[in-house]
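# Architecture at a glance
Residues per chain are reported as follows:
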Amino acid sequence: MGYEKLLIETAMKDERIIVMTAENRALVRNIPAVLGNRFIDTGITEQTMVGMAAGLALRGRIPIIHALAPFLAMRAFEFIRTDIGIARLPVKLSGYIPGLLSDGNGPTHQAIEDVSLMRGIPGMEVYAPADEDDLMKILPSVWASPHPAYVRVNHKAGNFTHDPHTPGKAEIISEGSDVTILVYGYLFGNALETKLILEKRMSMSVGLVNMRSLKPVDEEAIVNVAAQGSNIVTIEDHFKTGGLFSIVAETLLKNRISVPVIPISFGEHWFRPGILTEVLENEGFLPEQMAEKIMKTTEKIKL
Amino acid sequence: MMLTKEKQKQMESLALKVREHIIQMSTGGGCFIGASLSCVELIVYLYSEWLRTDKDNLKSIKRDYLFLSKGHDVPALYGTLAELGFFPVERLKNHLNPLDNIYWHPNRNIPGVEFHSGSLGHLPAVAAGVALDVKIKKAGNRVVVITGDGELNEGSIWETLLVANAFGLDNLTLVVDRNQFQANAKTEDLIPLEPLQHKFISFGCNVIRTEGHDFTALDLAFEHLQKQTGKVKVIIADTTRGKGLPSIEAKANRWFCSFTDEEAINLMKELHGNSGTILYSETLTVR
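Residues numbered from 1 in each chain as written. Chains lettered and ligands numbered in written order. Predicted model: local features only at pLDDT ≥ 70, side-chain atom pairs only at ≥ 80, totals over all residues.

Turning our attention to the nonpolar core. Within the largest apolar cluster, 174 residues are counted, with the highest numbers of intra-cluster contacts made by A:A53, A:L214, B:A127 and B:A128. By residue number, the principal contributor to this core is helix α5 (residues 123-136) of chain B, which donates nine residues. Two domains each provide a minimum of three residues to this core, namely domain 1 (3-152) and domain 2 (171-302) of chain A. The residues touching B:A128, leaving out its near neighbours within four places in the chain, are A:M52, A:G55, B:T160, B:V163, B:A164, B:L169 and B:L172. (Core = buried A, V, L, I, M, F, W, Y, C linked by C-beta atoms within 7 Å. Buried ≥ 20, exposed ≤ 12 C-beta atoms within 10 Å, placed from the backbone. Helix = DSSP H or I, 4+ residues; strand = E, 2+ residues; numbered from the N terminus. Domains from an automatic or database assignment. Contact = placed C-beta atoms within 7 Å.)

We now examine α5(B). Helical geometry: 3.6 residues make up each α-helical turn, so side chains three or four residues apart lie on a common side. All names here are of chain B. Taking 1.5 Å per residue as the helical rise, α5 with its 14 residues ought to reach 20 Å, and the 20 Å between its terminal C-alpha atoms agrees with that figure. Taken across its 14 residues, α5 has 12 buried, putting it largely inside the fold. Listed as buried for α5 are L123, P124, A125, V126, A127, A128, G129, V130, A131, L132, D133 and V134. After α5 finishes, the residue K138 shows a positive phi value of roughly 55°. (Expected span 1.5 Å × (residues − 1).)

Attention shifts here to the domain arrangement of chain A. All names here are of chain A. Assigned domains within chain A: domain 1 (3-152) and domain 2 (171-302). Measuring from the centre of the C-alpha atoms in domain 1 to the corresponding centre in domain 2 gives 27 Å. The interface of domain 1 with domain 2 comprises 25 residues on the first partner and 25 residues on the second. Secondary structure elements with two or more residues in the side of domain 1 that touches domain 2: α6 (114-119), β5 (125-127) and α7 (132-144). Here the side of domain 1 that touches domain 2 is built from residues that sort into 12 nonpolar, six polar and seven charged. (Nonpolar A, V, L, I, M, F, W, Y, C, P; charged D, E, K, R; others polar.)

Glancing now at the sheet that holds strand β6 (residues 206-211) of chain B. All names here are of chain B. The five strands lie next to each other as β1-β2-β3-β7-β6, forming an open sheet whose pairing is parallel. The sheet is open, and its two edges are formed by β1 (65-68) and β6, each paired on a single side. Across the sheet, the mean angle from the axis of one strand to that of its neighbour is 20°, orientation sign disregarded. In terms of strand pairing, β6 meets strand β7 (residues 233-238) through six bridges, oriented parallel. Its bridge partner being in β7, E211 is matched across the sheet by D238. Relative to strand β2 (residues 143-148), α5 is tilted by about 170°, and along the sheet it contacts β1, β2 and β3 (172-178). (Pairing = 2+ DSSP bridges. Axes fitted to C-alpha atoms, helices over the stretch in contact; angles between N-to-C directions.)

It is worth spelling out the pairing of strand β12 (residues 261-266) of chain A at this point. Pairing between strand β11 (residues 231-239) of chain A and β12(A): five bridges, direction parallel. Paired with A:T234 across the two strands is A:P263, which belongs to β12(A).

Attention now moves to the environment of A:H238. Residue and element names in this part refer to chain A. Topologically, H238 is positioned in strand β11. Residue H238 is classed as buried on the basis of its 31 C-beta neighbours within 10 Å. Separated by 124 residues in sequence, H238 and D114 have C-alpha atoms that sit 7.9 Å apart. For H238, the contacting residues outside a window of four places in its chain are G99, I112, V115, G243, S265 and F266.

Residue and element names in this part refer to chain B. The interhelical angle for the contact between helix α3 (residues 40-50) and helix α9 (residues 215-226), taken along N-to-C directions, is 60°, at an axis separation of 10 Å. Between α3 and α9, the angle is such that the two are oblique. Seen from above, α3 lies across α9 with right-handed handedness. Of the residues in α9, those in contact with E41, L42, Y45, E49 and W50 of α3 are F215, L218, D219 and F222. Residue composition of the contact of α3 with α9, grouped by class: six nonpolar, no polar and three charged. (Parallel < 35°, antiparallel > 145°, perpendicular 65-115°, else oblique. Left-handed = near helix turned anticlockwise from the far one by under 90°.)

Residue and element names in this part refer to chain A. The seven strands are arranged β2-β1-β3-β4-β6-β5-β10 in an open sheet whose pairing can be described as mixed. Single-partner strands in this sheet number two, and they are β2 (39-41) and β10 (213-215). Averaged over all adjacent pairs, the angle separating strand axes in this sheet is 20°, with direction ignored. Relative to strand β3 (residues 62-68), strand β1 (residues 17-21) runs parallel, the two being bridged by five bridges. Pairing of T21 across the sheet is with H66, part of β3.

To continue, consider the interface of chain B and chain A. Across the contact, 17 residues belong to chain B and 21 residues belong to chain A. Secondary structure elements with two or more residues in the side of chain B that touches chain A: α5 and α6 (155-166) of chain B. Of all the elements, α5(B) adds the most residues to the side of chain B that touches chain A, at nine residues. Its residues placed into classes, the side of chain B that touches chain A shows nine nonpolar, six polar and two charged.

Among the secondary structure elements, B:N253 is positioned in the loop between β7 and α10 (261-271). Each C-alpha atom of the pair B:N253 and B:N184 lies 6.3 Å from the other, and the pair is 69 residues apart in sequence.

A word on the packing of helix α1 (residues 5-25) of chain B against α3(B). Each packed pair of helices is defined by two parameters, the angle between the axes and the distance between the axes. Residues and elements named next belong to chain B. At a minimum axis separation of 9 Å, α1 and α3 run at an interaxial angle of 130°. Here α3 runs oblique to α1, going by the angle between their axes. For α1 against α3, the interelement crossing comes out right-handed. Mapping the contact onto sequence places Q10, M11, L14, A15, V18 and R19 in α1 and V40, E41, V44, Y45 and S48 in α3.

This part takes up the pairing of strand β8 (residues 179-183) of chain A. Residues and elements named next belong to chain A. For β8, the tally of buried residues reaches five of five residues, placing the bulk of the element in the interior. Residues V179, I181 and V183 point to one face of β8 and T180 and L182 to the other, with burial holding for every one of them. As paired elements, β8 and strand β9 (residues 206-210) share five bridges and run parallel to each other. Paired with L182 across the bridge in β9 is V209. Taking the sense of rotation as the criterion, the β-α-β connection linking β8, helix α8 (residues 188-202) and β9 turns out right-handed. Here five bridges tie β8 to β11, and the two strands are oriented parallel to one another. (Right-handed = clockwise from strand over helix to strand, strands pointing away.)

Below, the structure written as structure tokens:
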């Protein structure tokens, strides 16, 4: 089942749901015919859409709102923070083409600071599914919860069957004593391959965790990885600032744990746009490249 | 139906009390006194006549909604709500006490406040969301949002008008408190707005411009617009910043004021007809 079908099923069962979009219909093309006046397209007006969603929520509605992730999270940021955040209204934000998924669009369309921004809003939950299967497993509880939430919509098919989603819990794919990779979103598939490369060629014991829910984050999972004495690698299509690397650093510091953490993310630059596979290579996100980086860095750590 | 003489007298007397509360709130840390005084008649009229909302139906899905988008006018709202029994008048003494929620901008934990504001240009959209739900449910709630005139600098307001008219939200009334000033300057000296009614008309609204301190004029405006359908309703209420206190009326530097108790006593006298208050507190520059 895909995003749109799940949305239709959910909305058909719950009259409170209103589907909104700021004229980004990629995920909701067939919704108008089904939902009628419970589908609202506000045109290219992210701020107004968010403000109206807050008003609808005041009337008891649960708006599920859509726009490209950068325009939702950034153009409308202050409306999200002020109208949804301060009032803690149950508005569900679906950000389309987050992170690397903006491929050829260029820096205007790159939401690679969205996790940082959204998790900075008190009460806002943040989810970043690994692929479509993960997305389908995460969305039902997100939409049913009374909290505001931002979802990095990743509708790309993966080749992994994920565990059911428990709110606030990460998905532990494997445990490892040498290195554990923490990852979220689109890069999960490449992280999985990276793990296989390291195991096969280096005979390393490699753990892998699909973080899924970045807020609330599964602190226990992070602490357990560190407690096992494993080095940690964070992989994310996000700036190094404010995303998973920061979350892990905060968690370890809070728990007074010190272990090597290797970030694989974007530094102080937006990525060079292009065909996704080429962007991955150019930015060093191919499994071979990441495996090599992890190998070299862990060797240095050992010395 | 025309306002009766008796009703007008009631509203005038309520407005006077609200202005006393505003003067009181301008001491002990101060408030945005000018912007509050300019919309006293408007808020008093809305709660006395137009909005079918009272202290007993605050949670009802059938109530009418008022949103204060400019936010700085909240002392006028609090004065009105307290006098109408939404919460005890005594509570106004908690102004700027961190243990209560009465401060320079609206907080919806105060009974009668529908939503918080302070960041300008937000509540037309929030109000439009409420109005849209009322439309979908085919209900009859009235939704009113008060904006400042300086606030009209914010592009989000015009964006929302386009959207609200696309959805035919004729149950939404936007009232501009046209007191001619934004924070530190006359609107026409900084970012000119006139001819303002034309701007709203070109955005597809039904517009009426009226005297904003006259209850009968306000009533005529609301009654007249009520008969117009299909478009967002806009009332431009021409007002005077600082209305009721000649020593601060229409003065660019009397925006946010923190007066001493002695000055407040003199302002009370001025409100009741004594002239010649000497204000020695400097206007605070908070922005």
